[in-house]
Amino acid sequence: MAVFFVRLGVFLLVVLAVAIGVVPILVLIDLLDGGTGYGLCPGGLEFCDKPYSTGAELIIVLTIALFLTVWGIRLLMRLARRLQDDSYQISEPR
């Protein structure tokens, strides 16, 4: 049962990683349509206060979040593997 919850956690982290990868695309599409980039540039692209640093900040934050998510997936997969090995271990006769 514990392996199920670990794998559920892995699934949720994979969904989070995909969402992190989709965020820049959604922001760009919103900016191209004349939007605010979901709050990135409140006045639109023409009136963005700091158009260069805002994108760099977003990339840095998303990259760090993606690395942390991948690190969490690796840890949970190791835990799942260890739990499976412990549950399938055959006791040796004495």
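Above this text sits the structure in question.
Residues numbered from 1 in each chain as written. Predicted model: local features only at pLDDT ≥ 70, side-chain atom pairs only at ≥ 80, totals over all residues. Heavy atoms only, no water.

*Asks:* How do you make sense of the packing of aromatic side chains when you look at a structure like this?
*Replies:* Aromatic ring pairs: the centre-centre distance and the angle between the two ring planes describe each pair. All chains considered together, the criterion is met by one aromatic pair. Their ring planes at 65° and their centres at 5.4 Å tell us that Phe4 and Phe5 sit as a pair that is edge-to-face. On the accessibility criterion, Phe5 (48% relative accessible area) is partly exposed. (Phe/Tyr/Trp six-rings, centres within 6.5 Å; stacked < 30°, edge-to-face > 60°. Buried < 20%, exposed > 50% of the residue type's maximum accessible area, 1.4 Å probe, protein only.)

*Asks:* Just checking my understanding: could you explain the environment of Ile59 for this structure?
*Replies:* With respect to the helices and strands, the residue Ile59 is situated in helix H2 (residues 51-87). C-alpha of Ile59 to C-alpha of Pro24: the two residues are 35 residues apart in sequence and 8.1 Å apart in space. (Helix = DSSP H or I, 4+ residues; strand = E, 2+ residues; numbered from the N terminus.)

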